[in-house]
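Observations on chain architecture
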Amino acid sequence: MSGIRFDGRVAIVTGAGGGLGRTYALELARRGCAVIVNDPGCARDGSGASAQMADTVVAEIRAAGGRAAASYDGVHTAAGGRAMVDLALREFGRLDVVLHNAGILRDRSFRKMTEDDWDAVIAVHLKGLFAVCRPAIDAMVPNGYGRIVLTASGAGLFGNFGQANYAAAKMGQVGAMQVLNLECAKYGIRVNTISPAAATRMTADVQQSSGTPPECVTPAVVYLASEACNESGIIIRAQGGRFSRQAIAFNAGVYFGPEPVTVEDFAAEWTTITDMSGARCFSFGDKVAEIIKQSAREVVPRSRG
Ligand SMILES: NC(=O)c1ccc[n+]([C@@H]2O[C@H](COP(=O)([O-])OP(=O)(O)OC[C@H]3O[C@@H](n4cnc5c(N)ncnc54)[C@H](O)[C@@H]3O)[C@@H](O)[C@H]2O)c1
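The sections below set out a description of the structure shown in this document. The structure presented is a predicted model; accordingly, all values stated were derived computationally and were not measured.

Our next topic: the packing of aromatic side chains. Counted under the stated rule, the structure contains two aromatic pairs. Geometrically, the ring pair formed by Phe110 and Trp118 is edge-to-face, given 6.4 Å between the ring centres and 75 degrees between the ring planes. Ring centres 6.0 Å apart and planes at 65 degrees place the aromatic pair Phe266 and Trp270 in the edge-to-face group.

Shown next as structure tokens:
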């Protein structure tokens, strides 16, 4: 197979025992990548454990002539993250790619949500990012190369009833991406985020997936994981056969000058301050403050006028 290849590359795919992660692992392996198939084999809510999920995917990869090893560690502890990175180094000698895909759900409306519901979801999605990426980046730095793909969600970017814990964890991926993008650029490490939608066990009882199989998301993730993608800090939405970019936008707002204004001054301009019709997206490094100041509507505060 020519085109985008991963020969000599080594990847960790977390939560690769089923759903989206499995398709990522299979496609990377098909393209020459050695893959650590990480999955503790738990249920959708994080309970239980079984080696079978990871083992099955490893067997599928090997049967097709690829290279893979199973990791049964949980991403929710630093020791688990460290162990899967050590396994990659021990089995395959290096680490080039991390797809942080592992996830669980504990959906409940916020007023019914327990501390355990909150902590369990934050631990897998958000602490898991730290637990895996922290040692992974250390392993990538000496090679001056790395590709990390984090996993956000429409629930995090736009909200979804009953998913405050999940949405907070998923939007946290975006915040961490923005920082890792800056901190890791000089090491040749690119950090991007996928916001997927697909029919998996996670979405078995919701409409949002549009019924498309995980394979409809895989091309975006595999591209972001490849050397061909030299960009960083990008959120790609993959839903129902459509790929698009999502970003944080803001408007120019109202410029009152450098002196404090009254609450009434602020309230009087609420409509303009919140009008997103001329909103734009900016990247770090753009002279945002200057651009904003130039295009903002200048207002003399009534309290001073
Ligand atoms: N399917 C969708 O439409 C959709 C939408 C938005 C975001 N996502 C995200 O995509 C990712 C994959 O989800 P999916 O739909 O394939 O669901 P899935 O339940 O099939 O896959 C998640 C995998 O993560 C594993 N996992 C759970 N806890 C783990 C832990 N502590 N350590 C390592 N692995 C663990 C599970 O065993 C499971 O195999 C998740 O991060 C999910 O939040 C999915």
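Quick look at the layout of surface pockets now. For the largest pocket, the calculated volume is near 910 Å³. Looking at the largest pocket, it is lined by 47 residues, and the ones nearest its centre are Asn101, Ala102, Gly103, Ile104 and Met202. Within the residue set of the lining of the largest pocket, elements represented by two or more residues are α1 (19–30), α4 (115–140), α6 (164–184) and β6 (189–197). When residues of the lining of the largest pocket are assigned to their parent elements, the largest contribution, four residues, is made by α4. For the lining of the largest pocket, the per-class residue count stands at 20 nonpolar, 19 polar and eight charged.

In the vicinity of the ligand lie 32 residues, with Leu20, Asp39, Asn101, Tyr166 and Thr200 positioned nearest. Asn101 places a polar main-chain atom, nitrogen or oxygen, 2.8 Å from an oxygen atom of the ligand. Here an oxygen atom of the ligand sits 2.6 Å away from a polar atom, N or O, in the side chain of Tyr166. Here the ligand, which alone exposes 810 Å², has 98% of that area covered by the protein.

This part covers the nonpolar core. Burial of nonpolar side chains together is a common tendency in soluble globular proteins. With 41 residues, the main nonpolar core has Ile12, Leu95, Val98 and Ile148 as its most contacted residues. Mapped by element, the contributors of at least two residues to this core are β1 (10–14), β2 (34–38), α3 (78–92), α4, β5 (146–151), α6 and β6. For this core, the element with the most residues is α4, which contributes eleven residues. When near neighbours in sequence (up to four residues on either side) are disregarded, Ile148 contacts Val98, Cys133, Ile137, Met140, Ile189, Arg190, Val191 and Asn192. Core analysis: the next-biggest nonpolar cluster, separate from the first, contains 33 residues, Ala25, Val57, Leu99 and Ile234 among them.

This part is about the side chain of Thr151. The residue Thr151 is located in strand β5 in this model. One polar contact links the side chain of Thr151 to the main-chain carbonyl oxygen of His100, over a distance of 2.7 Å. For Thr151, the contacting residues outside a window of four places in its chain are His100, Asn101, Lys170, Gln173, Thr193, Ile194 and Pro196.

Read across the open sheet, the eight strands follow the order β3-β2-β1-β4-β5-β6-β7-β8; overall the sheet is mixed. Looking at strand neighbours, the two that pair on one side only are β3 (67–71) and β8 (242–246), the edges of this open sheet. Looking at each pair of strands side by side, their axes are set apart by 20 degrees on average, direction ignored. Of the strands in this sheet, β1, β4 (97–99), β5 and β6 are in contact with α4, which crosses β5 at around 170 degrees. The strands that α6 touches are β5, β6 and β7 (235–239); relative to β6, the one it contacts most, it runs at about 160 degrees.

Now for the packing of α3 against α4. Where α3 meets α4, the closest approach of the two axes is 7 Å, and the angle between their N-to-C directions is 35 degrees. In this structure, α3 crosses over α4, and the sense of that crossing is right-handed. The segment α3 lies against α4, with Ala78, Gly81, Arg82, Met84, Val85 and Leu89 engaging Ala131, Val132, Pro135, Ala136 and Ala139. Class assignment for the residues of the contact of α3 with α4 results in nine nonpolar, one polar and one charged.

A separate point is the pattern of salt bridges. Should the charged atoms of two oppositely charged side chains come close, the side chains can pair. Across all of its chains, the model carries twelve salt bridges by this definition. Residues Asp96 and Arg9 are paired through a salt bridge, measuring 3.2 Å at the closest nitrogen-oxygen approach. Of the two residues, Asp96 sits in the loop between α3 and β4 while Arg9 sits in the segment before β1, which places them 87 residues apart along the sequence. Judged on exposure class, the residue Asp96 and its partner Arg9 are both buried. Between Glu27 and Arg30 there is a salt bridge, and its shortest N-O distance comes to 2.3 Å.

The rules behind the values
- Residues numbered from 1 in each chain as written.
- Predicted model: local features only at pLDDT ≥ 70, side-chain atom pairs only at ≥ 80, totals over all residues.
- Heavy atoms only, no water.
- Phe/Tyr/Trp six-rings, centres within 6.5 Å; stacked < 30°, edge-to-face > 60°.
- 1 Å grid on protein atoms, 1.4 Å probe; cavity = no way out; pocket = protein on both sides within 12 Å on 5 of 7 lines; lining within 4 Å.
- Points joined across faces, edges and corners; volume = space filled by probe spheres on them.
- Helix = DSSP H or I, 4+ residues; strand = E, 2+ residues; numbered from the N terminus.
- Nonpolar A, V, L, I, M, F, W, Y, C, P; charged D, E, K, R; others polar.
- Near = heavy atom within 4 Å.
- Polar contact = N/O pair within 3.5 Å; in protein donor to acceptor, adjacent residues only side chain to side chain.
- Areas by Shrake-Rupley, 256 points an atom, 1.4 Å probe, with all protein chains shown as cover.
- Core = buried A, V, L, I, M, F, W, Y, C linked by side-chain atoms within 4.5 Å.
- Buried < 20%, exposed > 50% of the residue type's maximum accessible area, 1.4 Å probe, protein only.
- Contact = heavy atoms within 4.5 Å.
- Pairing = 2+ DSSP bridges.
- Axes fitted to C-alpha atoms, helices over the stretch in contact; angles between N-to-C directions.
- Left-handed = near helix turned anticlockwise from the far one by under 90°.
- Salt bridge = Lys/Arg side-chain N within 4 Å of Asp/Glu carboxyl O.

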